Amino acid sequence: MTEILKGKPVVDSLNLHLKNRCDELRALGAAPTLAIIRVGENGDDIAYERGAAKCCEAAGVGVRKYHFETEVTQEEVVGLVRSINDDGSVHGVLILRPLPPHIDDRAVCRALAPEKDIDGITEYSMAGLYSDKRVGFAPCTAEACIDMLDHYGVGIEGKRAVVVGRSFVVGKPVAMMLLRRNATVSICHTKTKGLAQICREADILVVAAGRAKLIGGDHLGEGQVIVDVGINFDEEGNLCGDVDGAAADGRAVAITPVPGGIGRVTTAVLAKHVVEACQMSLTGKR
Ligand code: NAD
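Computed from a predicted model, the values in this text were never measured in an experiment.

### Details of the packing of aromatic side chains
A ring pair, where both rings are aromatic, is described by two values, the distance of the centres and the angle of the planes. With the rule as written, the count across this model stands at zero aromatic pairs. The lysine or arginine in question, Lys 172, covers the ring of Phe 168, its NZ or CZ lying 4.2 Å from the ring centre. The positively charged end of Arg 286 is found above the aromatic ring belonging to Phe 137, 4.4 Å away from the centroid.

Below, the structure written as structure tokens:
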């Protein structure tokens, strides 16, 4: 039987821990607070903003929402980021991206104070991740994959891990985090030859390609743990992951569902990072 690694128990356990930490921080005079910056009316952004706010509130983290019309200038967005940098009552900033094409994404990311970069978008956070130093924060989705494995007691050390996808948001950072935990890691992408065979050899298969049901029976070996990060819609318009669940059923030891898997844990990790950033601002330690 294939175990379904649901996100909810991971979130519940994280939130319990975060609520206690938030109470302790409030007693010291600091209320962990997240600022969310959204530009325009993109439906995915609005849904993510709503989910992130709900999850933060459940964990005891305050949320301030900032919204611009699509026509906003880059200077105005950068100006807001800089003013939040100087606001000691905000500990983390989530910028919903991609931004409209007339705004230089990297310029906005560069404006963000590294200590408030709770989603790993600045070069400082990336340097921390790729140079194996404990500075900055990893992108929340990448860390959600690791937290999910840890919660369900899936050992990482010595395992053969295959990551499908090499974006800076998921593929590369999750590969680095698996490597840091002593897995032997392969990263696959659109130019990879023999994808199915490489995937079959994985003990842990993390798929973040954004292609509905890319991973089917040919890609799956026996006894694998599969982390499906993809969020897509199938032919019937239903939400689905990058892995064909029917092909995995009975073959994989365990798989994360879509919906109800990594997406849920991602927002809980966001709240965790805000609490850690708040703690850092008080004590210099996480
Ligand atoms: P991206 O488009 O930036 O990157 C996709 C990566 O997959 C690329 O590196 C590409 O080389 C690789 N890829 C694409 N098609 C492939 C193929 N046929 N064979 C091999 N490799 C292939 O996407 P992203 O931002 O990394 O997101 C990936 C998926 O994860 C998307 O479905 C996205 O919606 C989802 N996502 C989920 C969450 C969450 O919270 N659950 C967060 C971020 C992204």
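Having seen it, we continue.
### A few points about the UniProt feature "domain: Tetrahydrofolate dehydrogenase/cyclohydrolase NAD(P)-binding" (unreviewed entry) in the protein
Residues given the UniProt feature "domain: Tetrahydrofolate dehydrogenase/cyclohydrolase NAD(P)-binding" (unreviewed entry) here are residues 139-280. Structurally, residues 139-280 comprises 36% helix and 17% strand, and the distance from its first C-alpha atom to its last is 18 Å.

### Thoughts on the site of the ligand
Around the ligand, the surrounding shell holds 21 residues, and the nearest of these are Thr 141, Arg 166, Ser 167, Gly 210 and Ile 231. Here an oxygen atom of the ligand sits 3.3 Å away from a polar atom, N or O, in the main chain of Thr 190. Burial of the ligand by the surrounding chains reaches 73%, relative to a free accessible area of 860 Å². When residues in the shell around the ligand are grouped by element, the largest group, three residues, is from helix 10 (residues 262-283). Broken down by class, the residue content of the shell around the ligand amounts to nine nonpolar, ten polar and two charged.

### Some words on the sheet that holds strand 1 (residues 3-4)
Strand pairing in a sheet relies on backbone hydrogen bonds. The paired strands run either parallel or antiparallel. Read from one edge of the open sheet, six strands run 1-11-8-7-5-6, paired in parallel fashion. Both edges of this open sheet fall to strand 1 and strand 6 (184-188), since each of them pairs with a single strand only. The sheet contacts of helix 7 (residues 171-180) involve strand 5 (160-164), strand 6 and strand 7 (204-207), and relative to strand 5 the element is tilted by about 170°.

### Focus on the sheet that holds strand 2 (residues 33-39)
Taken together, three strands build an open sheet; the order of strands is 3-2-4 and the sheet is parallel. Of all the strands in the sheet, just strand 3 (62-68) and strand 4 (92-95) have a single pairing partner and so form its edges. Neighbouring strand axes in the sheet, compared pairwise and without regard to direction, differ in orientation by 20° on average. As paired elements, strand 2 and strand 3 share seven bridges and run parallel to each other. Bridging from a neighbouring strand, Val 39 pairs with Phe 68 of strand 3. Packing of helix 2 (residues 43-59) onto the sheet brings it into contact with strand 2, strand 3 and strand 4, and relative to strand 2 it is tilted by some 170°.

### Here we look at the packing of helix 1 (residues 7-27) against helix 10
Here helix 1 crosses helix 10 at 20°, and the two axes come no closer than 9 Å. In terms of their interaxial angle, helix 1 and helix 10 are classed as roughly parallel. As for how helix 1 packs across helix 10, the hand of that crossing is left-handed. The segment helix 1 lies against helix 10, with Gly 7, Lys 8, Val 10, Val 11, Leu 14, Leu 18, Arg 21, Cys 22 and Leu 25 engaging Arg 264, Val 265, Ala 268, Val 269, Ala 271, Lys 272, Val 275, Glu 276, Cys 278, Gln 279 and Leu 282.

### Considerations on helix 1
An ideal rise of 1.5 Å per residue puts 30 Å on 21 residues; helix 1 measures up with 30 Å between its terminal C-alpha atoms. Burial in helix 1 covers these residues: Gly 7, Val 10, Val 11, Leu 14, Asn 15, Leu 18, Arg 21, Cys 22 and Leu 25. Around the axis of helix 1, the buried residues are gathered within 140° of arc, so they sit on the same side. In helix 1, the exposed residues that point more than 90 degrees away from the buried face are Leu 16, Glu 24 and Ala 27. Buried residues along helix 1 sit against helix 2, helix 6 (140-151) and helix 10. Looking one or two places after helix 1, you find Gly 29, whose phi comes out positive at around 95°.

### Some points on the environment of Val 206
In this fold, Val 206 is placed in strand 7. With 185 residues separating them in the primary sequence, Val 206 and Arg 21 have C-alpha atoms 31 Å apart. Setting aside residues up to four positions removed in sequence, Val 206 forms contacts with Cys 145, Val 162, Val 163, Val 164, Val 174, Leu 178, Val 227 and Val 229.

### What about unusual backbone geometry?
In the segment running from Arg 97 into Pro 98, the intervening peptide bond is cis, with an omega of 5°. As for its placement among the helices and strands, Pro 98 is situated in the loop between strand 4 and helix 4 (105-111). The amide bond that connects Val 258 to the next residue, Pro 259, takes the cis arrangement and shows omega of 0°. Despite not being glycine, Asp 132 shows a phi value in the positive range, around 65°. As for its position among the elements, Asp 132 is in the loop between helix 5 (123-130) and helix 6.

### A closer look at the pattern of salt bridges
Using the criterion set out here, one finds twelve salt bridges in the structure. Notably, a salt bridge pairs Arg 160 with Glu 201, separated by 3.4 Å at the nearest N-O pair. On the criterion of sequence distance, the pair formed by Arg 160 in strand 5 and Glu 201 in the loop between helix 8 (195-200) and strand 7 is long-range, its members being 41 residues apart. For Arg 160, a relative accessible area of 34% gives the class partly exposed. Here Arg 286 makes a salt bridge to Glu 276, at a shortest N to O gap of 3.8 Å. Pair noted here: Arg 286 is in the segment after helix 10 and Glu 276 is in helix 10, with a separation of ten residues, a long-range link.

Procedures and definitions
- Residues numbered from 1 in each chain as written.
- Predicted model: local features only at pLDDT ≥ 70, side-chain atom pairs only at ≥ 80, totals over all residues.
- Heavy atoms only, no water.
- Phe/Tyr/Trp six-rings, centres within 6.5 Å; stacked < 30°, edge-to-face > 60°.
- Lys NZ or Arg CZ within 6 Å of the ring centre and 35° of its normal.
- UniProt positions renumbered as here; feature names shortened; annotations may be inferred.
- Helix = DSSP H or I, 4+ residues; strand = E, 2+ residues; numbered from the N terminus.
- Near = heavy atom within 4 Å.
- Polar contact = N/O pair within 3.5 Å; in protein donor to acceptor, adjacent residues only side chain to side chain.
- Areas by Shrake-Rupley, 256 points an atom, 1.4 Å probe, with all protein chains shown as cover.
- Nonpolar A, V, L, I, M, F, W, Y, C, P; charged D, E, K, R; others polar.
- Pairing = 2+ DSSP bridges.
- Contact = heavy atoms within 4.5 Å.
- Axes fitted to C-alpha atoms, helices over the stretch in contact; angles between N-to-C directions.
- Parallel < 35°, antiparallel > 145°, perpendicular 65-115°, else oblique.
- Left-handed = near helix turned anticlockwise from the far one by under 90°.
- Expected span 1.5 Å × (residues − 1).
- Buried < 20%, exposed > 50% of the residue type's maximum accessible area, 1.4 Å probe, protein only.
- Arc of directions from axis to C-beta.
- Salt bridge = Lys/Arg side-chain N within 4 Å of Asp/Glu carboxyl O.

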